[in-house]
Amino acid sequence: MKILVFSDSHGAGHYIRDAIQKHEGRADALVFLGDGATDAHAVFREFPDIHAPVGGGAGKISDIYDYISEHYTEKLTLHDLCFIFGTNKTSLCRSFKETYGDTVLNHINSLRIRDAKRLLREQKLTVTQISEELGFTSIHYFCRLFKKETGMTPKEYIHTTQT
């Protein structure tokens, strides 16, 4: 994993642009420490495949929401989100809950259960395959969460959609 770290707060965009081009845009993660977020944001728009934690601000929590919406089927933890977006768990959880009225983990799980229902109705995959496809690390946790959210097990849900 190639990680680039920047700490210049003024004119950071110039340094970031040069580093990305030097590494042919192949950094797995970029960490930006400083307050030159405006310049940095402009650079990251040029390199959309690289996720970069830059500065704070009102748009940050919506960036996290968008990131979750695109990556919820992957193994995604609070620690990962904090690292990617350069924040801490307390701030992330508080801001997310205040903005969206739900916790980060509940939101991720809601997206996964929504997709699980669709995949169960399609009946092309087994319950285990669906669990793995949606980023759950345990079939038991998936089934327990599914029952908590829907009031029935995945198998019971399949039977109700067949009638």
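Look up a bit, the structure's there.
Residues numbered from 1 in each chain as written. Predicted model: local features only at pLDDT ≥ 70, side-chain atom pairs only at ≥ 80, totals over all residues. Heavy atoms only, no water.

A full pass over the atoms with the stated rule returns 8 aromatic pairs. Arranged with centres 6.1 Å apart and planes meeting at 25°, the rings of Tyr65 and Phe96 form a pair that is stacked. Linking Tyr65 in helix H3 (residues 58-71) with Phe96 in helix H5 (residues 89-100), this pair joins segments that are 31 residues apart in sequence. Taken together, a centroid distance of 5.0 Å and an interplanar angle of 50° make the contact between Phe96 and Tyr100 tilted. (Phe/Tyr/Trp six-rings, centres within 6.5 Å; stacked < 30°, edge-to-face > 60°. Helix = DSSP H or I, 4+ residues; strand = E, 2+ residues; numbered from the N terminus.)

Within this structure, the stated rule accounts for 2 salt bridges. For Arg118, the salt bridge is made with Glu122, and the minimal N-O distance between the two is 3.3 Å. Residue Arg118 and its partner Glu122 are both found in helix H6 (residues 104-122); the two are separated by 4 residues, about one turn of the helix. Note on Glu122: relative accessible area 37%, which makes it partly exposed. (Salt bridge = Lys/Arg side-chain N within 4 Å of Asp/Glu carboxyl O. Buried < 20%, exposed > 50% of the residue type's maximum accessible area, 1.4 Å probe, protein only.)

Below, the discussion takes up the environment of Leu105. Mapping Leu105 onto the fold places it in helix H6. As a C-alpha pair, Leu105 and Ile68 span 37 residues in sequence and 9.9 Å in three-dimensional space.

Everything listed is a geometric property; what it means functionally is a separate question.
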